[in-house]
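Examination of the molecular architecture
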Amino acid sequence: QAQLVESGGGLVQPGGSLRLSCAASGSIFSITDMGWYRQAPGKQRELVAVMRSGENANYADFVKGRFTISSDNAKNTVYLQMNSLKPEDTAVYSCNLWAKLTRWGKPYEYWGQGTQVTVSS
């Protein structure tokens, strides 16, 4: 099993930056796919960024050029660097990982608990 712990959310002024972290712990052999989602009050959850093994990252149009997804495989940690934040970026951000627990096993899906990002002056 694996557990995800997110950090880095908070209150920031418009135009500011935050970096979210998602640390995976437990018996993880490798992370295959990773992504960040967000859900604003009264809205459905939406994809922000996704990075699949061996592929370039893909971003939602509303964050292109402002957000960057990255990972530190040695630490089993995924990051979301958010720059030029706007009030409409306010939401609960959750990480999503697909991880293999053994070399030959199938990947399993895991979700972080979510971290609040509020962009307001």
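Preceding this paragraph is the structure being described.
Residues numbered from 1 in each chain as written. Predicted model: local features only at pLDDT ≥ 70, side-chain atom pairs only at ≥ 80, totals over all residues. Heavy atoms only, no water.

This part takes up the state of the cysteines. Every disulfide links exactly two cysteines, by a covalent bond between their sulfur atoms. In total, this model carries 1 disulfide according to the counting rule given. Each sulfur of the disulfide joining Cys 22 and Cys 95 lies 2.0 Å from the other. Its S-S torsion of about 50 degrees marks the bond between Cys 22 and Cys 95 as right-handed, since a negative value means left-handed. One end of the pair, Cys 22, is in strand β3 (residues 18-26); the other, Cys 95, is in strand β9 (residues 91-100), with 73 residues separating them in the sequence. In this pair, the class of Cys 22 matches that of Cys 95, namely buried. (Disulfide = S-S within 2.5 Å. Helix = DSSP H or I, 4+ residues; strand = E, 2+ residues; numbered from the N terminus. Buried < 20%, exposed > 50% of the residue type's maximum accessible area, 1.4 Å probe, protein only.)

To describe a pair of aromatic rings, one takes the distance between the centres and the angle between the planes. Per the stated rule, a full pass over the model turns up 1 aromatic pair. Arg 45 extends its terminal NZ or CZ atom over the ring of Tyr 37, reaching a point 5.7 Å from the ring centre. It is Arg 45 that lies over the ring of Trp 111; its NZ or CZ is 4.0 Å from the centre. (Phe/Tyr/Trp six-rings, centres within 6.5 Å; stacked < 30°, edge-to-face > 60°. Lys NZ or Arg CZ within 6 Å of the ring centre and 35° of its normal.)

What follows concerns the sheet that holds strand β8 (residues 77-82). Here 4 strands make up an open sheet; going across it, the order is β1-β3-β8-β7 and the pairing antiparallel. Looking at strand neighbours, the two that pair on one side only are β1 (2-7) and β7 (67-72), the edges of this open sheet. Across the sheet, the mean angle from the axis of one strand to that of its neighbour is 15 degrees, orientation sign disregarded. (Pairing = 2+ DSSP bridges. Axes fitted to C-alpha atoms, helices over the stretch in contact; angles between N-to-C directions.)

Across 6 bridges, the pairing between β1 and β3 is antiparallel. Within the sheet, the bridge partner assigned to Leu 4 lies in β3 and is Ala 24. Bridge count between β3 and β8: 6 bridges; the pairing is antiparallel. Looking across to β8, one finds that Ala 23 is bridged to Thr 77.

Turning our eyes to something else, we now look at the pairing of β8. In terms of burial, β8 is largely enclosed, as 5 of its 6 residues are buried. Two elements, β7 and β8, share 6 bridges in a ladder whose sense is antiparallel. Within β8, the residue paired with Ser 70 across the bridge is Tyr 79. The antiparallel pairing of β7 with β8 creates a hairpin that spans 4 residues between the two strands, and Asn 76 there sits at a positive phi of about 50 degrees.

Inspection of the secondary structure puts Asn 76 in the loop between β7 and β8. Looking at Asn 76, the relative accessible area reads 18%, which means it is buried. Apart from residues lying up to four places away in sequence, Asn 76 is in contact with Cys 22, Ala 23, Ala 24, Ile 28 and Ile 31. (Contact = heavy atoms within 4.5 Å.)

This next bit is on unusual backbone geometry. With a phi close to 50 degrees, Asn 76 is a non-glycine residue in the positive phi region. Unusually for a residue other than glycine, Ser 84 sits at a positive phi of about 50 degrees. Here Ser 84 shows up in the loop between β8 and β9. Exposure remark for Ser 84: the relative accessible area of 39% places this residue in the partly exposed category.

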